[in-house]
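Descriptive analysis of the structure
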Amino acid sequence: MINSTMRRRIIGRMATGFIVLSGISFGSLQPALAEEPITMGASVPYMNDPAWVRIVDYAQYVAKILDINLVVVDAAGKEDKQIQDVQSLLSRDVKALIFVPVSAANAPAIIRLADRAKVPAIATDRYPGFPANNKESPYLTFVGPDNVDAGRKIAQFMIDQGVKNFVAIGGTPGDSNNQERSKGMRDAIAASADKGVKLLQYVGVLQSEDNGYATMQNLLSAHPSGTIDGVWCYNDALCVGAYRAIKQAGRDKEIKIGSMDLNPQALDLIKDKTNFIYSIGGHWLMLGFAEMIAYDYVHGHKPLSDFSRIEDVGVDADGFSKFKAQYIDSNPPFDIKHYMLTFNPDTKTQTPPLTLK
């Protein structure tokens, strides 16, 4: 028989979900406990660029679905600050570290910090320059765009639209992404050299709209009207700046431009059928995809691959409405859990494909 005193003790302990009475465990009264959110850290090189804002926004969307506490830090383009940021993240007992190195030279130090802290690290966007499975600086996997292919596709689309005399505004000199995209651009131009396609000048600068504007002003001065008809840009921020300079110079009817990132400003210009004719992207999903892989690893599933390239999707004026419907007006048209081993052990890829249907 349970007397009134014991009954009060039981009621008072109901909130704990586990009751012990006279040595008897009433485990059956324990409610199902919700799993504590997983804390992950993410270090990105810039947050003053619309592309990185979009990348982080999607990562936070994935974090909400998976109940992840994602802590994002901005390196502001500084290698030493990024190291300090990563040390701070690791001190917070994060279960995984996702990072985009400010430069390839910064990657080994970040990876070694994570390795010493026994925290799985995933490199994104900028390839560290060495494979994940190595003894000195091991990391879990790499997730990023196929920059060579993207750079080639931008140039090839412009060539198909009649561009023959290119100038190019590249990104930060020494940046691996810039080197890869520029290689793709040069490959496409070289492949059409017999058609009279050529690169007249290439300039590498820090990727911002203001730098794109200033650089394009200089290029317009160096190449008067009638001498160039295309501008290939490393990213949309540079290209939006270049667009402004070309428009102000009154040369927008003679010069076509194309780039990478699918930023809102670029998409608006493409939609309005300006001389900004093409952008390619999809890599804004990469931080979110890395989260998915990290979540799987924390739950006992090794990555299917230690090197994953995201297949970018290109958008011109004709494809804008489809892209808007599938990727802007709604969340991307795939179920992320379908591509996660934790929820679907039969998945063949942990990076959902990007398509326009």
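The model shown is predicted, which means the values in this text are computed figures rather than measured ones. (Residues numbered from 1 in each chain as written. Predicted model: local features only at pLDDT ≥ 70, side-chain atom pairs only at ≥ 80, totals over all residues. Heavy atoms only, no water.)

Quick word on the sheet that holds strand β9 (residues 198-204)
Reading across the sheet, the six strands line up as β9-β8-β10-β11-β12-β14 and stay open at both edges, with mixed pairing between neighbours. Pairing within the sheet leaves two strands with one partner each, and these edge strands are β9 and β14 (313-315). Taken over all neighbouring pairs, the strand axes of this sheet differ in orientation by 15° on average, direction set aside. Bridging between strand β8 (residues 165-170) and β9 involves six bridges; their strand directions are parallel. Within β9, the residue paired with glycine 170 across the bridge is glycine 204. Along the sheet, helix α7 (residues 209-222) contacts β8, β9 and β10 (230-233); its crossing angle with β8, the most-contacted strand, is approximately 150°. Contacting β8, β10, β11 (256-260) and β12 (276-281), helix α8 (residues 236-248) runs over the sheet at an angle of about 165° to β11. (Pairing = 2+ DSSP bridges. Helix = DSSP H or I, 4+ residues; strand = E, 2+ residues; numbered from the N terminus. Axes fitted to C-alpha atoms, helices over the stretch in contact; angles between N-to-C directions. Contact = heavy atoms within 4.5 Å.)

Notes on the UniProt feature "domain: Periplasmic binding protein" (unreviewed entry) in the protein chain
Summarizing the sequence annotation, UniProt attributes the feature "domain: Periplasmic binding protein" (unreviewed entry) to residues 43-274 in the numbering used throughout. Secondary structure over residues 43-274 splits into 45% helix and 19% strand, and the C-alpha atoms at its two ends are 35 Å apart. (UniProt positions renumbered as here; feature names shortened; annotations may be inferred.)

What about the packing of aromatic side chains?
Per the stated rule, a full pass over the model turns up 13 aromatic pairs. Note on phenylalanine 157 and tyrosine 278: the rings are 4.3 Å apart at their centroids and 15° apart in plane angle, and the pair reads as stacked. Remark: tyrosine 278 occurs in strand β12 and phenylalanine 157 occurs in helix α5 (residues 147-160); sequence separation between them is 121 residues. Look at phenylalanine 157 and you get buried, because its relative accessible area is 17%. (Phe/Tyr/Trp six-rings, centres within 6.5 Å; stacked < 30°, edge-to-face > 60°. Buried < 20%, exposed > 50% of the residue type's maximum accessible area, 1.4 Å probe, protein only.)

Description of the packing of helix α3 (residues 79-90) against helix α4 (residues 107-116)
Orientation of α3 relative to α4, taken along the N-to-C sense of each, is 15°, at an axis distance of 10 Å. Classified by the interaxial angle, the pair formed by α3 and α4 is roughly parallel. Note that α3 runs across α4; the crossing there is right-handed. Counted together, Gln82, Ile83, Val86, Gln87 and Leu90 of α3 and Ala109, Ile110, Leu113 and Ala114 of α4 form the full contact between these two elements. Broken down by class, the residue content of the contact of α3 with α4 amounts to seven nonpolar, two polar and no charged. (Parallel < 35°, antiparallel > 145°, perpendicular 65-115°, else oblique. Left-handed = near helix turned anticlockwise from the far one by under 90°. Nonpolar A, V, L, I, M, F, W, Y, C, P; charged D, E, K, R; others polar.)

Regarding the environment of leucine 199
Mapped onto the elements, leucine 199 comes out in strand β9. With near-sequence residues (within four places) excluded, leucine 199 lies in contact with Phe166, Val167, Ala168, Met185, Arg186 and Ile189.

Focus on the pairing of β11
Both faces of the sheet carry side chains from a regular strand, because those side chains alternate between them. Most of β11 is tucked away: four of the five residues are buried. The pairing of β10 with β11 spans three bridges and is parallel. Bridge pairing links valine 231 to isoleucine 257 in β11. Handedness of the crossover joining β10 and β11 through α8: right-handed. The pairing of β11 with β12 spans four bridges and is parallel. Within β12, the residue paired with glycine 258 across the bridge is tyrosine 278. Where the polypeptide runs from β11 across helix α9 (residues 264-271) and back to β12, its parallel neighbour, the crossover connection is right-handed. (Right-handed = clockwise from strand over helix to strand, strands pointing away.)

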